[in-house]
Amino acid sequence: KVCVHNGAQADSSLDMRTRRALASRLWNRLIVLPDLRTVLCAIDKNGLTVQNAVARAIHRDPHPEFTGSFFGAGGFRFAPDRYDIDAAAAKRLVADSGWRRIIVHRSPLDRFVSAYNSKCRNADGDGRRHCWDLFGGENVSMSEVATWLLANGIPNNPHWLPQAHFCGGLAGAT
């Protein structure tokens, strides 16, 4: 499901504290397309690879989607910090009626199964970081992951976070 929302660009020099603030509410999970006055809410396991490929094509940038640490500041090539947009400005950006906000929503169950197959079965090759170390081993079952999540809460890992946590909070988005 693709939802299009109307959603300003700011200029600021971003220090590490500001970059952490972007990451803390997943503001660093935005893909900003200034020329199109569009921002994509980049939710892991919701077509993120395709969204980054589209952004690279629009920007005529053939380089891989990641520019730094996956979990912290500077994670995505077209994240707000590339344009010196801090967390406060990112929040204004997604609310600005002069900008479009695009969100790709996925059935939570389909997303969970996709995350499990991708990370716990290591289909993407990064299972150790996103599943094995988190849930306790290479052979963790889907049931064990679900039980762990229910017992321990949501980990600070974007593959397992509910979609409503992304882009500053999407509760109520239509």
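A brief structural summary. (Residues numbered from 1 in each chain as written. Predicted model: local features only at pLDDT ≥ 70, side-chain atom pairs only at ≥ 80, totals over all residues. Heavy atoms only, no water.)

## Things to note about the nonpolar core
Move 1: Among the nonpolar cores identified, the biggest contains 28 residues, and L30, I31, V32 and F166 are the most heavily contacted of them.
Move 2: Those elements that provide at least two residues to this core are strand 2 (30–33), strand 3 (38–41), helix 2 (48–58) and helix 3 (87–95).
Move 3: With five residues, helix 3 is the single largest residue contributor to this core.
Move 4: The contact partners of L30, leaving out residues within four places of it in the chain, are V39, L40, C41, F78, A79, P80, A90, V94 and C167.
Move 5: Formed by eleven residues, the second largest nonpolar core is a distinct cluster that contains F112, C120, F135 and W160. (Core = buried A, V, L, I, M, F, W, Y, C linked by side-chain atoms within 4.5 Å. Buried < 20%, exposed > 50% of the residue type's maximum accessible area, 1.4 Å probe, protein only. Helix = DSSP H or I, 4+ residues; strand = E, 2+ residues; numbered from the N terminus. Contact = heavy atoms within 4.5 Å.)

## Description of the state of the cysteines
Move 1: For the structure shown, the criterion picks out two disulfides.
Move 2: Across the disulfide, C41 is cross-linked to C167 (sulfur-sulfur distance 2.0 Å). Disulfide C41-C167: torsion about the S-S bond near 110°, hence right-handed. Of this pair, C41 sits in strand 3 while C167 sits in the segment after helix 6 (142–152), and the two are 126 residues apart along the sequence.
Move 3: Judged by its relative accessible area of 0%, C41 falls in the buried class.
Move 4: Owing to a relative accessible area of 1%, C167 belongs among the buried residues under this scheme.
Move 5: In this model C120 forms its disulfide with C131; the gap between the sulfur atoms is 2.0 Å. The sign of the S-S torsion, about 100°, decides the handedness of the disulfide formed by C120 and C131: right-handed. In this pair, C120 sits in helix 4 (residues 108–120) while C131 sits in helix 5 (residues 127–135), placing the two residues eleven residues apart along the sequence. (Disulfide = S-S within 2.5 Å.)

## Examining the packing of aromatic side chains
Move 1: For the structure on display, the rule yields three aromatic pairs.
Move 2: Judged by centre distance (5.0 Å) and plane angle (80°), the ring pair of F135 and W148 falls under edge-to-face. One end of the pair, F135, is in helix 5; the other, W148, is in helix 6, and 13 residues separate them in sequence.
Move 3: Considering the side-chain rings of F135 and W160, the 5.1 Å spacing of their centres and the 90° angle between planes classify their relative orientation as edge-to-face. Residue F135 is found in helix 5, and its partner W160 is found in the segment after helix 6; the two are separated by 25 residues along the sequence.
Move 4: Given the relative accessible area of 10%, F135 is considered buried.
Move 5: In this structure an aromatic cluster arises from ring pairing among F112, F135, W148 and W160. (Phe/Tyr/Trp six-rings, centres within 6.5 Å; stacked < 30°, edge-to-face > 60°.)

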